[in-house]
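Observations on chain architecture
These are the residues of each chain, in order.
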Amino acid sequence: MSRLGNLGARLYRGEVGYDFIGKRKIWYGVSILITITAILGLAVSGLNMGIEFKGGAVFTTDTKAKVSVSQAHEDAVAASGHEAIVQELGNGGLRIQITEVDTKKADQIKAQLSEDLGIPEAKINADLVGPSWGEQIANKAWAGLGIFMVLVVVYLAIAFEWRMAVAALIALIHDITITVGVYALVGFEVTPGTVIGLLTILGYSLYDTVVVFDSLKEGTQGITKQTRWTYSEIANRSINGTLVRSINTTVVALLPVAGLLFIGGGVLGAGMLNDISLSLFVGLAAGAYSSIFIATPLVADLKEREPQIKALKKRILAKRAAAAAKGESAEDERDDLTDDLTEPAGAVVGQRRQPGGHGRTPRNRR
């Protein structure tokens, strides 16, 4: 078995683990800091909306221009009086985007570009894009996002419980905010591809979260009938048990997206790939983070406000304090806890269902 696979098995059996829940205030602080940075970037820099949302003209040439891309950019800005985006096409031609241009102005720009680029005017194709089209896309995207959020909350509330639905919703908002904030900070153009990317990452983010929630739901069945584990401890075990799986699925998903973003968009200069690849890359990373460090700790916080769970925690802590007062070693207590963890899933010991462990049968207690 590989080293990572062995670690995953040990995490699943509860032999090793990291206290994610116990350090949740640190993760909350990190998320708040990142979110504030994203919001400030959005407020100060704003989003660089593409031509589909602002409206304008797109000029494409069939033949290679007699000037460089940088020079063509300067010529386009001088001819239009607006900022322009110039990209070199595979056939050697150019694609020039200029926002906020009407039909009359587009004809003037086309004539000036023909002279500056050294290309006959007939060889330059001009397409006008109205801002209403982009507005319709944005409105439909917001409507789709709202419907998605409502359905997610309803489904999770039915399949699990309302606390998990609330935690998942907060995690999704967290992921979207960070992704949009990154777009504002780096200045990438927002296009319909960006909108598609934003909607796509919601599914990935939710997948990891539901996997942990499913493990948590199984491990906490009948939790009030035992006095060994608090809700937070079982929640922490659920995260550790699915940690390697979450890492593997995230890395596998990020690798091709990273190829699009850094190789396709950066090395090869295929700028149009950046529209969707950046949103996917940032969103997938934020989704993996939120499912581990935000969603499940929030569920534990909300759940331990319940009177029954709060009373359970009080009994457990009192029992441990009493055991310590009697001189029972901490090692014995940990041995008992390890036995419970290594029970087969769903096993019942002394009428108490244990939280989903695997491995050896617990020793007989006298």
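Residues numbered from 1 in each chain as written. Predicted model: local features only at pLDDT ≥ 70, side-chain atom pairs only at ≥ 80, totals over all residues. Heavy atoms only, no water.

In the nomenclature of an unreviewed UniProt entry, the protein corresponds to Protein-export membrane protein SecF from the organism Streptomyces pratensis.

Our next topic: the overall build of the protein. Each helix and strand counted, the protein has twelve helices and eight strands in total. Relative to its full complement of 366 residues, the protein shows a buried share of 45%. The long-range share in the protein, meaning contacts at least 24 apart out of those at least 6 apart in sequence, stands at 74%. Total accessible area on the protein is roughly 18,700 Å²; 62% of this is exposed by carbon and sulfur atoms. (Helix = DSSP H or I, 4+ residues; strand = E, 2+ residues; numbered from the N terminus. Buried < 20%, exposed > 50% of the residue type's maximum accessible area, 1.4 Å probe, protein only. Contact = heavy atoms within 4.5 Å. Areas by Shrake-Rupley, 256 points an atom, 1.4 Å probe, with all protein chains shown as cover.)

One open sheet holds the four strands; their spatial order is β3-β4-β2-β5, and the pairing between them is antiparallel. This sheet does not close on itself; its edge strands, each paired only once, are β3 (84-88) and β5 (124-129). For this sheet the average axis-to-axis angle between neighbouring strands, irrespective of direction, equals 15°. Here helix α5 (residues 103-117) sits on the sheet and contacts β2 (56-61), β4 (94-99) and β5; the angle it forms with β5, its principal contact strand, is near 150°. (Pairing = 2+ DSSP bridges. Axes fitted to C-alpha atoms, helices over the stretch in contact; angles between N-to-C directions.)

Between helix α4 (residues 69-80) and α5, whose axes approach to 9 Å, the crossing angle comes to 145°. For α4 against α5, the interelement crossing comes out right-handed. Every residue of α5 that contacts α4 at Ala72, Asp75, Ala76, Ala79 and Ser80 is listed here: Lys105, Ile109, Gln112, Leu113, Asp116 and Leu117. The class makeup of the residues in the contact of α4 with α5 is six nonpolar, two polar and three charged. (Left-handed = near helix turned anticlockwise from the far one by under 90°. Nonpolar A, V, L, I, M, F, W, Y, C, P; charged D, E, K, R; others polar.)

Attention now moves to helix α11 (residues 307-325). Over its 19 residues, α11 runs 27 Å from end to end, which matches the ideal 27 Å to within 8%, given 1.5 Å per residue. Directly after α11, the chain includes glycine 327, whose backbone phi takes a positive value near 90°. (Expected span 1.5 Å × (residues − 1).)

This part takes up the UniProt feature "transmembrane region" (unreviewed entry) in the protein. Under the feature "transmembrane region" (unreviewed entry), the UniProt entry names residues 26-47, 141-158, 165-188, 194-216, 247-270 and 276-300. Helix makes up 92% of residues 165-188 and strand 0%, and the two end C-alpha atoms of the span are 32 Å apart. What you have in residues 276-300 is 100% helix and 0% strand, and the ends, taken at the C-alpha atoms, are 34 Å apart. (UniProt positions renumbered as here; feature names shortened; annotations may be inferred.)

Burial runs high along β2: six of the six residues are buried. Alignment of β2 against β4, held across five bridges, turns out to be antiparallel. From the neighbouring strand, glycine 56 faces β4, where its bridge partner is threonine 99. Relative to β5, β2 runs antiparallel, the two being bridged by six bridges. Across the sheet, residue glycine 56 finds its bridge partner in β5, namely valine 129.

Along the chain, serine 290 falls in helix α10 (residues 274-303). Given a relative accessible area of 0%, serine 290 falls into the buried group. Excluding anything up to four places from it in sequence, serine 290 contacts Ala171, His174, Asp175, Ser205 and Ala295.

Following the sequence through the fold, histidine 174 ends up in helix α7 (residues 162-186). Taking the relative accessible area as the measure of exposure, histidine 174 reaches 9% and is therefore buried. Here the side chain of histidine 174 touches serine 31 through a polar contact of 3.4 Å, side chain to side chain. Ignoring sequence-local partners within four residues, the contact set of histidine 174 consists of Ser31, Thr35, Ala286, Tyr289 and Ser290. (Polar contact = N/O pair within 3.5 Å; in protein donor to acceptor, adjacent residues only side chain to side chain.)

Counted under the stated rule, the structure contains seven salt bridges. One salt bridge in this structure joins aspartate 301 and arginine 24, with 2.7 Å as the shortest N-O distance. Of the two residues, aspartate 301 is situated in helix α10 and arginine 24 in helix α2 (residues 24-44); the sequence distance between them amounts to 277 residues. Given the relative accessible area of 22%, aspartate 301 is considered partly exposed. (Salt bridge = Lys/Arg side-chain N within 4 Å of Asp/Glu carboxyl O.)

For the structure on display, the rule yields seven aromatic pairs. Ring geometry for phenylalanine 20 against phenylalanine 293: centres 5.5 Å apart, planes inclined by 70°, an arrangement best described as edge-to-face. Taken together, the residues span a long stretch of sequence, with phenylalanine 20 in the loop between α1 (3-13) and α2 and phenylalanine 293 in helix α10 at a distance of 273 residues. Residue phenylalanine 293 is classed as buried on the basis of its relative accessible area of 16%. Look at phenylalanine 160 and phenylalanine 213: their rings are 6.2 Å apart centre to centre, the planes differ by 70°, and that puts the pair in the edge-to-face class. Taken together, the residues phenylalanine 160 in the loop between α6 (131-159) and α7 and phenylalanine 213 in helix α8 (residues 192-219) connect sequence positions 53 residues apart. Here the aromatic residues Tyr18, Phe20, Trp27, Tyr289 and Phe293 are joined through ring pairs into a cluster of three or more. (Phe/Tyr/Trp six-rings, centres within 6.5 Å; stacked < 30°, edge-to-face > 60°.)

What follows concerns the nonpolar core. Residues Leu156, Met164, Phe213, Leu216, Tyr231 and Val299 are the most contacted members of the largest nonpolar core, which totals 47 residues. Of all the elements in the fold, those that place two or more residues in this core are α2, α6, α7, α8, α9 (231-267), α10 and α11. No other element matches the ten residues that α10 contributes to this core. Beyond its immediate stretch of four places on either side in the chain, valine 299 contacts Arg163, Met164, Ala167, Phe213, Leu216 and Tyr231. Counting residues in hydrophobic clusters, the runner-up holds 18 residues, among them Ala79, Val86, Ala106 and Ile109. (Core = buried A, V, L, I, M, F, W, Y, C linked by side-chain atoms within 4.5 Å.)

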